[in-house]
Amino acid sequence: MAEAPLDERWAEIETRGWLTDRAFPSRAAELAAVRDVARGGLGAARVFDGHRNGLERILGHRPQDVPDQFRTEAAAGRLRLGVWGADPGPADGTPACLDPSGSSVTGVKTFCSGAGHLDLAIVLVRRTPDGPPILPVLVELRDTAAAQVDRTWFRGTVLQESHSHRVVFDRAPVVAVLGTEGTLVEDPWISGDALRSAGVWAGAADSIAAGLAGMATRGDDDATAAGRARAIVGTVDAWLAAGLAAVEDAHRTGSDPWPVVTALRLELTERLRALMRLAAEQHGSRGLVTDEPFAEARAALDLLLLQHRLAPVATKLGRRGSEQA
């Protein structure tokens, strides 16, 4: 069956106490929760991932920029948060810009996960129409006239419960400017964001591999496929453990987690695409049109992986390795 509505999934997450700043005793526990939500559907997991990213940014990374009231409400889990970075395409409208006074944002963002559901979002904006879209500002979304959600833009049949709509800002109030241009990509915070996204991928891998495991009694070919899927999930586990260790060490000692987390994203992308191909071959065309949970998990994961442009980071990693050699 299709993923349950986001509001229903979110109510479950809230009941479990997972929206607060003290929800988890460790980063590992938080990562496990993101993965758990993803097993039930990637739409809600994508929004939950964004909420946890936003929470860490305004409470851990840039608390000095955010008014006390908003930090208190966020810490208590009373605000739904997100992080929106995708710029509009040529036909989507004018890119979001900060007003010269710094008090509001006008323009367009796309792929805004949780649009119409969130209270606040960290939005990457420009200072001028031709400036770089890399200034993070915390924007108030509860005025629907100031943050208009275009639900006709996202016409895909997968990840619908991520509510990744086009949003048109019309002098939407700015709660805080978080640092300056490029602040959002500072480490170890950006590596923590990437690790949570990988946790979402891992939840999808669990679902796909579970489907193959259920087919393993049909014959040797299916058992072989299930074994290969299990090995891929083991690779996912190993990379998540390595990424977790790198991010935690960076927070403790100031080390650089970027090479490990970048390698994690590159390798998991390849391994997960191999898993999707393997699963499609085993399910066949009949499974793709009759097994809705499998078809949805596979298609949603494919879309998520495509949203991350990894060629630039692969190039950077390769050049860094060459310099070190």
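Refer to the structure presented above.
Residues numbered from 1 in each chain as written. Predicted model: local features only at pLDDT ≥ 70, side-chain atom pairs only at ≥ 80, totals over all residues. Heavy atoms only, no water.

Chemist: Would you mind going over the packing of helix α2 (residues 27–39) against helix α6 (residues 220–253) with me for this structure?
Modeler: The axes of two packed helices give the description: the angle between them and the distance between them. The interhelical angle for the contact between α2 and α6, taken along N-to-C directions, is 140°, at an axis separation of 10 Å. If you check the angle between α2 and α6, you find them oblique. In this structure, α2 crosses over α6, and the sense of that crossing is right-handed. Counting all contacts with α2, which are made through Arg27, Ala28, Leu31 and Arg35, the residues of α6 involved are Val233, Val236, Asp237, Leu240, Leu244, Val247, Glu248 and His251. Its residues assigned to classes, the contact of α2 with α6 comprises seven nonpolar, one polar and four charged. (Axes fitted to C-alpha atoms, helices over the stretch in contact; angles between N-to-C directions. Helix = DSSP H or I, 4+ residues; strand = E, 2+ residues; numbered from the N terminus. Parallel < 35°, antiparallel > 145°, perpendicular 65-115°, else oblique. Left-handed = near helix turned anticlockwise from the far one by under 90°. Contact = heavy atoms within 4.5 Å. Nonpolar A, V, L, I, M, F, W, Y, C, P; charged D, E, K, R; others polar.)

Chemist: Is there a simple way to explain helix α1 (residues 6–15) in this structure?
Modeler: Along an α-helix, residues three or four apart share an orientation, since each turn contains 3.6 residues. Those residues of α1 that fall on the buried side of the exposure criterion are Leu6, Arg9, Trp10 and Ile13. Viewed end-on, α1 has its buried residues packed into an arc of 100°, placing them on one side of the element. The exposed residues of α1 that point more than 90 degrees off its buried face are Asp7 and Thr15. In this structure, the buried side of α1 is in contact with α2 and α3 (42–61). (Buried < 20%, exposed > 50% of the residue type's maximum accessible area, 1.4 Å probe, protein only. Arc of directions from axis to C-beta.)

Chemist: Can you walk me through the packing of aromatic side chains in this structure?
Modeler: Evaluated as defined, the whole model comprises five aromatic pairs. Ring centres of Trp18 and Phe24 lie 5.7 Å apart, and the angle between their planes is 50°; this geometry places the pair in the tilted category. Both residues of the pair, Trp18 and Phe24, count as buried. Centroid distance Phe111 to Trp153: 5.0 Å. Interplanar angle 90°. Geometry classified as edge-to-face. Of this pair, Phe111 sits in strand β3 (residues 104–112) while Trp153 sits in the loop between β6 (147–150) and β7 (165–177), and the two are 42 residues apart along the sequence. Take Phe111: its relative accessible area is 35%, and that puts it in the partly exposed class. (Phe/Tyr/Trp six-rings, centres within 6.5 Å; stacked < 30°, edge-to-face > 60°.)

Chemist: Explain unusual backbone geometry to me, please; I cannot follow it from the model alone.
Modeler: Leaving glycine aside, a negative phi is the common case for residues, and trans is the common case for peptide bonds. The omega torsion of the bond from Asp187 to Pro188 falls at 10°, within 30 degrees of zero and hence cis. Its place among the elements puts Pro188 in the loop between β7 and α5 (189–214). In this model, Phe111 sits at a positive phi of 50°, which is unusual for a non-glycine residue.

Chemist: When you look at helix α8 (residues 292–306) in this model, what are you seeing that I'm missing?
Modeler: End to end, α8 covers 21 Å across 15 residues, agreeing with the expected 21 Å (1.5 Å per residue, within 8%). Here α8 has its buried residues at Phe294, Ala297, Ala300, Leu301, Leu304 and Leu305. Each buried residue of α8 lies within a common arc of 145° when the element is viewed along its axis, so the set occupies one face. Elements that come into contact with the buried residues of α8 comprise α3, α5 and α7 (258–290). (Expected span 1.5 Å × (residues − 1).)

Chemist: Honestly, the pairing of strand β4 (residues 120–125) in this entry has me stumped. Any pointers?
Modeler: On a regular strand, one side chain projects to one face of the sheet and the next to the other, so that they alternate. For β4, the tally of buried residues reaches six of six residues, placing the bulk of the element in the interior. Burial along β4 is two-sided: the face carrying Leu120, Ile122 and Leu124 and the face carrying Ala121, Val123 and Val125 are both buried. The sheet contact formed by strand β1 (residues 81–84) and β4 spans four bridges and is parallel. For Val83, the partnering residue across the bridge sits in β4 and is Ile122. As judged from the six bridges shared by β4 and strand β5 (residues 135–140), these two strands associate in the antiparallel manner. Bridged to Ala121 within β5 is Val139. (Pairing = 2+ DSSP bridges.)

Chemist: Explain the nonpolar core to me, please; I cannot follow it from the model alone.
Modeler: The nonpolar side chains of soluble globular proteins are, as a tendency, buried together. With 73 residues, the main nonpolar core has Phe48, Trp84 and Phe169 as its most contacted residues. The greatest single-element share of this core, amounting to 11 residues, is contributed by α5. Residues Ala74, Leu120, Val175 and Ala176 belong to the second largest nonpolar core, which totals 15 residues. (Core = buried A, V, L, I, M, F, W, Y, C linked by side-chain atoms within 4.5 Å.)

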